[in-house]
Amino acid sequence: MSANFSHLCLTDEQQRMSGTTLEYNLQRYFYPALAIFGILGNVLNLTVLLNRSMRSRANSFLAVLAFADIIFLFLLFPNILANYSFFTFNWYFRWFYLHSKVHLISLANWCSSVAHWCVIAVCADRLLGIQNPLYARATWRWWKLPLVTTVIVFTCGLLTCYQHFEYFCLVRSYCRETQLYSRCLPVNAEKWFGHRPNPFSSRYQSFIAMCKLAHIFLMIILPIILLLFLNLTLLWALRKRQKHLSIGKDFNADRRQNDVHMQKTEHRVTLTVTFIVTMFTLTNGPSALVHLVMYATHEELYDLTMISSTLVICGKASNFILFCLGSKHFRLRLLKLTRKKINRKIDSITGSLVHTTKLSTASSRRTSMPVQEKKRSSSCAPLVAKNRALSTVETIYQPLLNGTHRKGDL
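Each residue is numbered by its place in its chain's sequence as written, counting from 1. With the structure being a predicted model, the display of local features is reserved for residues of pLDDT at least 70 and the display and counting of side-chain atom pairs for 80 or more, all residues being used for whole-chain, interface and lining totals. Side-chain measures here rest on the full set of heavy atoms in the structure, leaving out hydrogens and waters.

Asker: Hey, could you run me through the overall build of the protein chain in this one?
Answerer: Helix and strand definitions here come from DSSP, where helices need a minimum of 4 consecutive H or I residues and strands a minimum of 2 consecutive E residues; each element is numbered from the N-terminal end. Broken down by element type, the protein chain carries 13 helices and three strands. Contact between two residues is taken to exist if any of their heavy atoms lie within 4.5 Å; hydrogens are not considered. Across the protein chain, the fraction of contacts at a sequence separation of at least 24, relative to all contacts at a separation of at least 6, is 75%. For every accessible area listed, the method is Shrake-Rupley and the probe measures 1.4 Å; residues are considered covered only by the protein chains on display. Looking at the protein chain as shown, the accessible area adds up to about 26,000 Å², and 65% of this sits on carbon and sulfur atoms.

Here it is, written out as structure tokens:
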């Protein structure tokens, strides 16, 4: 379903790829800095979380969360670039963007869903560790953590893959095929292009509608409800643990010093997780509410959707700040790794400079040695010739010099 309107030319305003002025300003001025900051922050998170001394169940899930957020933030850049004139009116970029926009959104929602359930896994792991200290100190078998991670990623991908087929986008050429324009309609839309009937079957439309409902409930609403419950339970457990720590410090400080130190460490870790879960709930809760209202009213709340999406992006970019503010151990580990890498870099630069200096010195010696050898050989040549001449004279006149001669000789 493509058409060629070569006799029509679109204005610059008609070729703009942002829906509203709010979206244009957010995508052009706010999202680039936010996305770059979030990517760099999550890369630093991965640097610390993947360190051998930091490996644990909770940190492994947090590492998957950081990786999913990095991919999510990278997928924002085509939308960001589409609001700059150099890319807006570029035919090749428009062709790529208009044909891949729906798929980019689907992949971003997949990463967002993986992040939801990774936060739930971290929160549940912390809660079980507080309620059962033996669970906190025990280690899983080597295959359990990869299995849980794979199930989370695969299930989220399965529940979001319908979004690749949720919309049908019609791309048209204008102005002698120098301009491209696209419009997308959901597959269950009542009105179709050119006032024609919807070409998709009722079964297909019902299947997409069921997938959309399952995604809203399982990937948006249910994670928010679980996070609220788990976060409140964690806060209650923290309060209970704080009372227990104060009692242990006052009455059993001598006998339970190691136990109290361990409990304080778990308390700090749980507090950091609570910060992350709270921020995650505050930034993703409005998005879940907006999706629920849109599904119930069948209205497209564009600006409200943009505001809730901005909160989601802010939440993904703020994880590094939460780690630094909530965990002293994370800060110390990050500083230690940074110093270690800086020292290695300095050592490598110094070693390369020393090696280069040695090579240059050796090469200069090699170039100077032939000249010196030539001078030596030229200065020694007369002496050699003289010695050779003296040896010949000595050979001839040696009998005379020695005063020995045969009879008959003069």
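Asker: Which parts of the structure should I look at to understand the nonpolar core?
Answerer: In summary, soluble globular proteins display a tendency toward joint burial of nonpolar side chains. Counting residues in each nonpolar core, the largest one holds 55 residues, and the members touching the most others are L62, F72, I313 and F330. Counting residues per element, this core draws most heavily on helix α6 (residues 91–131), which supplies 13 residues. Sequence-distant contacts of L62, that is, excluding residues within four places in its chain, are made with L49, V122, I276 and F323. One finds A82, F93, Y97 and L98 within the second-largest nonpolar core, a separate group that totals seven residues. For the purposes of this section, nonpolar cores are sets of buried Ala, Val, Leu, Ile, Met, Phe, Trp, Tyr and Cys residues that join through side-chain atoms within 4.5 Å. With a 1.4 Å probe rolled over the protein chains alone, any residue whose accessible area is under 20% of its type maximum counts as buried; one over 50% counts as exposed, and the rest are partly exposed.

Asker: Would you explain the packing of α6 against helix α8 (residues 144–160) in this entry?
Answerer: For any two helices packed against each other, the geometry is given by the interaxial angle and the distance between the axes. Orientation of α6 relative to α8, taken along the N-to-C sense of each, is 140°, at an axis distance of 9 Å. Taken together, α6 and α8 sit at an angle that is classed as oblique. Considering the relative orientation of α6 and α8, their crossing is right-handed. Seen from α6, the contacting residues are S106, N109, W110, S113, V114 and W117; seen from α8, they are I152, V153, C156, G157 and T160. By the convention adopted, Pro, Cys, Tyr, Trp, Phe, Met, Ile, Leu, Val and Ala count as nonpolar, Lys, Arg, Asp and Glu as charged, and the other residues, Gly among them, as polar. Its residues placed into classes, the contact of α6 with α8 shows six nonpolar, five polar and no charged. The convention used is that axes are lines fitted to C-alpha atoms, helices contributing only their stretch in contact, and that angles between N-to-C directions extend from 0 to 180 degrees. Should an angle fall under 35 degrees it is taken as roughly parallel, and over 145 as roughly antiparallel, whereas 65 to 115 is taken as roughly perpendicular and any remaining angle as oblique. In this scheme, a crossing is called left-handed if the near helix is turned counterclockwise away from the far one by less than a right angle; it is called right-handed if the turn is clockwise.

Asker: How should I be thinking about the state of the cysteines in this particular structure?
Answerer: In protein chemistry, a disulfide is the covalent bond that joins the sulfur atoms of two cysteines. Only a pair of cysteine sulfur atoms within 2.5 Å counts as a disulfide in this structure description. Overall, the coordinates contain two disulfides when judged by the stated rule. What links to what in the protein chain: the bonded cysteines, counted in sequence order, pair as 1-3, 2-4. The thiol sulfur of C118 is not disulfide-bonded, and the nearest other cysteine sulfur, from C156, lies at 7.7 Å. Looking at C161, it has no disulfide partner, and the nearest cysteine sulfur is the one in C211, 7.0 Å off.

Asker: Sorry, what's going on with a positive patch on the surface here?
Answerer: Residues with no salt bridge and a relative accessible area higher than 30% make up the patches, which join like charges within 9 Å and nonpolar side chains (Val, Leu, Ile, Met, Phe, Trp, Tyr) within 5 Å. Salt bridges are defined by distance alone: a side-chain nitrogen of Lys or Arg within 4 Å of a carboxyl oxygen of Asp or Glu. When charges are counted, Lys and Arg are positive and Asp and Glu negative, with His and the chain ends excluded. One atom stands in for each charge, and that atom is NZ of Lys, CZ of Arg, CG of Asp or CD of Glu. Taken together, the side chains of K336, K340, K341 and R344 define a basic patch exposed on the protein surface. Positionally, K341 belongs in helix α13 (residues 328–402).

Asker: I keep staring at the packing of helix α2 (residues 21–49) against helix α11 (residues 302–317) and nothing clicks. Help me out?
Answerer: Relative orientation of the contacting elements α2 and α11 amounts to 15°, with a least axis distance of 9 Å. Classed by the angle they form, the pair α2 and α11 counts as roughly parallel. Considering the relative orientation of α2 and α11, their crossing is left-handed. Side by side, α2 and α11 meet where L22, E23, L26, Q27, F30, Y31, L34, F37, G38 and N42 of the first sit next to Y302, D303, M306, I307, S309, T310, I313, C314, K316 and A317 of the second. Per-class residue counts for the contact of α2 with α11 are 12 nonpolar, five polar and three charged.

Asker: What is the right way to look at the pattern of salt bridges in this model?
Answerer: For side chains bearing opposite charge, pairing can occur when the charged atoms are close. Inspection of the entire model under this criterion finds four salt bridges. A salt bridge links D125 to R57, with the shortest nitrogen-to-oxygen separation between them at 2.8 Å. Within this pair, whereas D125 is found in helix α6, its partner R57 is found in helix α3 (residues 57–74), the two being separated by 68 residues in sequence. Given a relative accessible area of 11%, R57 falls into the buried group. The partner of D69 in a salt bridge is K316, and the shortest N-O contact between them spans 3.1 Å. Remark: K316 occurs in helix α11 and D69 occurs in helix α3; sequence separation between them is 247 residues. Per residue, the accessibility class of D69 equals that of K316, and both read buried.

Asker: What is the right way to read the pairing of strand β2 (residues 167–174) from this model?
Answerer: Working note: regular strand, side chains alternate between the two faces of the sheet. With eight bridges joining them, β2 and strand β3 (residues 179–186) adopt antiparallel strand pairing. Bridge pairing links Y167 to P186 in β3. Strands pair, by our definition, only if DSSP identifies at least two bridges between them. Between the end of β2 and the start of β3, which pair antiparallel, lie four residues, with C175 showing a positive phi angle near 55°.

Asker: Mind showing me how you'd approach the UniProt feature "transmembrane region" (unreviewed entry) in the protein chain here?
Answerer: UniProt positions are given in the numbering used here, feature names are shortened, and annotations may be inferred rather than shown by experiment. When the UniProt feature table is mapped onto this chain, "transmembrane region" (unreviewed entry) is found at residues 29–49, 61–82, 102–124, 145–165, 213–238, 271–294 and 306–326. With 100% helix and 0% strand, residues 29–49 has end C-alpha atoms that lie 31 Å from one another. From the first C-alpha to the last, residues 306–326 spans 29 Å; its make-up is 95% helix and 0% strand.

Asker: Looking at this structure, I do not really get the side chain of S308. What am I missing?
Answerer: Its place among the elements puts S308 in helix α11. Beyond its immediate sequence surroundings of up to four residues, S308 is in contact with T283, P286, S287 and V290.

Asker: Hey, could you run me through the packing of aromatic side chains in this one?
Answerer: The way to describe two aromatic rings as a pair is by their centre distance and the angle between their planes. By convention, a stacked pair of Phe, Tyr or Trp rings (six-membered ring in the case of Trp) has centres within 6.5 Å and planes under 30 degrees apart, an edge-to-face pair has planes over 60 apart, and any other such pair is tilted. Applying the stated criterion to the full structure yields 14 aromatic pairs. Geometrically, the ring pair formed by W192 and F200 is edge-to-face, given 5.8 Å between the ring centres and 75° between the ring planes. Of the residues examined, W192 reaches a relative accessible area of 6% and is grouped as buried. Feature note: the residues F168, W192, F193, F200 and Y204 constitute an aromatic cluster, connected by ring pairs. Lying across the ring of Y24, R16 places its NZ or CZ 5.9 Å from the centre. Both a distance and an angle decide whether a charge sits over a ring: NZ of Lys or CZ of Arg must be within 6 Å of the ring centre and within 35 degrees of the ring normal.

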